[in-house]
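Overview (structure and organization)
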Amino acid sequence: MRIVVLAGGIGGARFLRGLKAAAPDADITVIGNTGDDIHLFGLKVCPDLDTVMYTLGGGIHEGQGWGRADETFTVKEELAAYGVGPDWFGLGDRDFATHIIRTQMITAGYPLSAVTEALCARWQPGVRLIPMTDDRVETHVVIDAPEDGGRKAVHFQEYWVRLHASVPAHAVLPVGAEQSKPAPGVLEAIGEADVVLFPPSNPVVSIGTILAVPGMREAIADAGVPVVGLSPIVGNAPVRGMADKVLAAVGVESTAAAVAKHYGSGLLDGWLVDTVDAATVGEVEEAGINCRAVPLMMTDIEAAARMAREALALAKEVSS
Ligand code: GDP
Ligand code: CA
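Residues numbered from 1 in each chain as written. Chains lettered and ligands numbered in written order. Predicted model: local features only at pLDDT ≥ 70, side-chain atom pairs only at ≥ 80, totals over all residues. Heavy atoms only, no water.

Looking up the chain in an unreviewed UniProt entry gives the name Phosphoenolpyruvate transferase, with the organism given as Streptomyces humicola. The UniProt entry for the chain carries this comment under Subunit (unreviewed entry): "Homodimer." (UniProt positions renumbered as here; feature names shortened; annotations may be inferred.)

What follows is about the overall build of the chain. Secondary structure assignment for the chain yields 13 helices and 14 strands. Judged by the C-alpha coordinates and their principal axes, the chain covers about 60 × 50 × 35 Å. Out of the 320 residues in the chain, the part that is buried amounts to 53%. For the chain, the share of sequence-separated contacts (at least 6 apart) that also reach a separation of at least 24 residues comes to 69%. On the chain, roughly 13500 Å² of surface is accessible, and the fraction owed to carbon and sulfur atoms is 52%. Separation between the mean location of the 24 positive side-chain charges and that of the 40 negative ones in the chain comes to 3 Å. (Helix = DSSP H or I, 4+ residues; strand = E, 2+ residues; numbered from the N terminus. Buried < 20%, exposed > 50% of the residue type's maximum accessible area, 1.4 Å probe, protein only. Contact = heavy atoms within 4.5 Å. Areas by Shrake-Rupley, 256 points an atom, 1.4 Å probe, with all protein chains shown as cover. Lys, Arg positive; Asp, Glu negative; His and termini not counted. Charge placed at Lys NZ, Arg CZ, Asp CG, Glu CD.)

Before going further, it helps to spend a moment on the coordination of the calcium ion (ligand 2). Taken together, D36 (OD), D48 (OD) and D48 (OD) make up the full set of protein donors to the calcium ion (ligand 2), lying 2.0 to 2.6 Å away. Highlighted residues: D36 in the loop between strand 2 (27-32) and strand 3 (38-40) and D48 in helix 2 (residues 47-57), separated in sequence by 12 residues. Comparing D36 with D48, the two get one shared label, buried. (Donors = N, O, S within 2.8 Å, 3.2 Å for Na, K, Ca; no water.)

What follows covers the state of the cysteines. Where two cysteines share a covalent bond between their sulfur atoms, that bond is called a disulfide. In total, this model carries zero disulfides according to the counting rule given. C46 provides the cysteine sulfur closest to C120, a residue in no disulfide bond, and the two sulfurs are 11 Å apart. (Disulfide = S-S within 2.5 Å.)

Using the residue numbers shown here, the UniProt feature "binding site: 7,8-didemethyl-8-hydroxy-5-deazariboflavin" (unreviewed entry) corresponds to D50. If you trace the backbone, D50 turns up in helix 2. A residue is classified by how much of its surface remains accessible, and D50, at 4% relative accessible area, is buried. Dropping the residues within four chain positions of it, D50 is found in contact with T55, D95, T98, H99 and R102.

A few words on the sheet that holds strand 8 (residues 171-175). Sheet architecture is open: three strands sit in the order 7-6-8, paired in antiparallel fashion. Two strands bound the open sheet, and with one partner strand each, they are strand 7 (150-155) and strand 8. Strand-to-strand twist in this sheet, taken as the mean axis angle between neighbours without regard to direction, amounts to 30°. Here six bridges tie strand 6 (residues 138-145) to strand 7, and the two strands are oriented antiparallel to one another. Its bridge partner lying in strand 7, V142 is registered against A153. (Pairing = 2+ DSSP bridges. Axes fitted to C-alpha atoms, helices over the stretch in contact; angles between N-to-C directions.)

What follows deals with the side chain of D36. Buried within the structure, D36 lacks any salt-bridge partner; K44 is the closest side chain of opposite charge, at an N-O distance of 11 Å. At a separation of 3.0 Å, a polar atom in the side chain of D36 contacts the side chain of N33. Apart from residues no more than four positions distant in its own chain, D36 is found in contact with P47, D48, H155, F156, Q157 and V205. (Salt bridge = Lys/Arg side-chain N within 4 Å of Asp/Glu carboxyl O. Polar contact = N/O pair within 3.5 Å; in protein donor to acceptor, adjacent residues only side chain to side chain.)

So, on to the pairing of strand 14 (residues 290-293). Sheet topology note: the strand 13 (residues 270-273)/strand 14 ladder contains four bridges and is parallel. Residue pairing for strand 14: W271 is matched across the bridge by C291.

Moving on, we get to the site of ligand 1. What surrounds ligand 1 is a group of 20 residues, the closest being P200, S201, S206, L296 and M298. Within the backbone of G9, an N or O atom sits 2.9 Å from an oxygen atom of ligand 1. Between a nitrogen atom of ligand 1 and a main-chain N or O atom of L296, the distance comes to 2.6 Å. Burial of ligand 1 by the protein amounts to 91% of the accessible area it has alone, namely 590 Å². With three residues, helix 1 (residues 10-22) is the largest single contributor of residues to the shell around ligand 1. Partitioning the shell around ligand 1 into residue classes produces 10 nonpolar, eight polar and two charged. (Near = heavy atom within 4 Å. Nonpolar A, V, L, I, M, F, W, Y, C, P; charged D, E, K, R; others polar.)

And the structure:
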């Protein structure tokens, strides 16, 4: 079975770990979000690709869900001693090595997709990880700028990590997306897939950004295979993080049903909501999307694997 998964960071990575356990013989291609990418200290940092790579490769900091296990922060401390920032983005020493190699390869002319493949040669994530595009796309968030009486756009990481999404987001802009092209292998993988899954990743700044790459949404909708998603919203709130803030920016309520309708029946064939949201199943089905209520908390790998099995079962059901 060939499975294509669109993934952000933590939600995507933890689901993928379950999917690998649930379908050990499947051929899994992951299309990773690169809208979160940022240049820091002259280095190209790809937080979502690295979260997937480290999680599936066994190098992730389990408690945190991002960054490396057994990390130290000597380089960060030395940079701070020079007064060189930003100090709000925590890059550890082990993690720095990944960004140094990535930047070195990109400077030498390799596209991000080739660099990602090279990094994965070490981590052996057990999936084919492809960035959504080799082109530069950067998610920006429009916030109030009271100091000049107007609004300004800040990099997504500044909004998320420095400001902790504590101020209202008026718009989310995937800058550069319109001019971008899917990375080599992306459209081919979708065209050859038996099923496409949307893990419980952020619908706006993770999956929404991937879908903003021209041709991506059409390729998935026209693939003629079941497309099944899992809600990152449980009991009207994100399980972790601040997805409600960016959903509000695109005019979508923080409910499992509203997220399903935001993707729409033109894209989604099936949708899983948590059992606490069982009362919304009818609303999702009225919108033309098959819906089931099952436990959606990824407390451990086995729980994530059960979610993956439910998603594959629903895919089978909608395709028959
Ligand atoms: P990020 O890039 O690290 O923010 O990760 P993703 O975009 O892949 O996933 C973030 C989303 O995962 C958040 O909106 C969370 O609500 C969701 N999430 C995290 N853990 C769980 C879980 O155990 N169950 C469900 N249903 N969603 C989760
Ligand atoms: Ca992310």
